[in-house]
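What follows is the residue order along each chain.
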Amino acid sequence: MLRTTDNHVETAPVLPAGSDPLLQLQYETQPPSGPGTTRCLSHPPELALRGIPVLCSACRARRDWLLINHGRNVWVRCRCGNQWLEPEISRADFDAMIAIPDGTTYPSVGQGLIALGFDGAFAGTYLE
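Below is a short write-up of the structure.

Procedures and definitions
Residues numbered from 1 in each chain as written. Predicted model: local features only at pLDDT ≥ 70, side-chain atom pairs only at ≥ 80, totals over all residues. Heavy atoms only, no water. Pairing = 2+ DSSP bridges. Helix = DSSP H or I, 4+ residues; strand = E, 2+ residues; numbered from the N terminus. Axes fitted to C-alpha atoms, helices over the stretch in contact; angles between N-to-C directions. Polar contact = N/O pair within 3.5 Å; in protein donor to acceptor, adjacent residues only side chain to side chain. Buried < 20%, exposed > 50% of the residue type's maximum accessible area, 1.4 Å probe, protein only. Core = buried A, V, L, I, M, F, W, Y, C linked by side-chain atoms within 4.5 Å. Contact = heavy atoms within 4.5 Å.

1. Description of the sheet that holds strand E4 (residues 65-70)
What the four strands build is an open sheet, ordered E1-E4-E5-E6; its pairing is antiparallel. Edge positions in the sheet fall to strand E1 (38-43) and strand E6 (83-85), since each has one partner strand and no second. Neighbouring strand axes in the sheet, compared pairwise and without regard to direction, differ in orientation by 25° on average. Pairing of E4 with strand E5 (residues 73-77), which is carried by five bridges, proceeds in the antiparallel orientation. Its bridge partner lying in E5, Leu67 is registered against Val76.

2. Let's talk about the side chain of Arg77
Relative to the elements of secondary structure, Arg77 occurs in strand E5. In this structure the side chain of Arg77 is engaged in a polar contact, spanning 2.7 Å, whose partner is the side chain of Gln83.

3. Some thoughts on the pairing of E4
Counting buried positions along E4 yields five of six residues, so the element is predominantly enclosed. Pairing analysis gives six bridges linking E1 to E4, with the strands arranged antiparallel. Within E4, the position partnered with His43 by the bridge is Trp65. In sequence, E4 turns back onto E5 through a hairpin of two residues, with Gly71 there showing a positive phi of about 65°.

4. Re the nonpolar core
Within the largest apolar cluster, 14 residues are counted, with the highest numbers of intra-cluster contacts made by Leu47, Val54, Trp65, Leu67, Val76 and Ile89. Of all the elements in the fold, those that place two or more residues in this core are E4 and E5. Not counting residues up to four positions away in its chain, the partners in contact with Val54 are Leu47, Leu49, Ala61, Arg62, Trp65 and Trp84. Grouped together as the second largest cluster of nonpolar side chains are six residues, Leu66, Ile68, Leu113 and Phe118 included.

5. Observations regarding the environment of Gly112
Locating Gly112 in the fold gives a position in helix H3 (residues 109-116). Among the residues examined, Gly112 registers a relative accessible area of 7% and is labelled buried. As for Gly112 and Arg39, which are separated by 73 residues in sequence, their C-alpha atoms are 9.8 Å apart.

Printed below as a string of structure tokens:
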């Protein structure tokens, strides 16, 4: 299961003193990548897998999901804080759902969940 309390912050490699400021800016504006990267995607509409609508087992919500990709796995998270691994959604499916490749980078998954409203604070509400 994905740990949402991981406070790991990826640090940027130190460039040599006097390096080109444009190269530094280019590095800082690139999205995080690599095997340890966790990406989140808001999915407000209903989600159907193989024609079956997805329901939260805790609060019975039918829409307003957060899809979390780490490595080859994708988790579905509800606003109530319930989360589960969804083997029906592959990383390729996740990549196909991303319309805008840039986004906000958070220092940890936990801080991202709080900022996006998927930490349980909005349980029972749909945000649009």
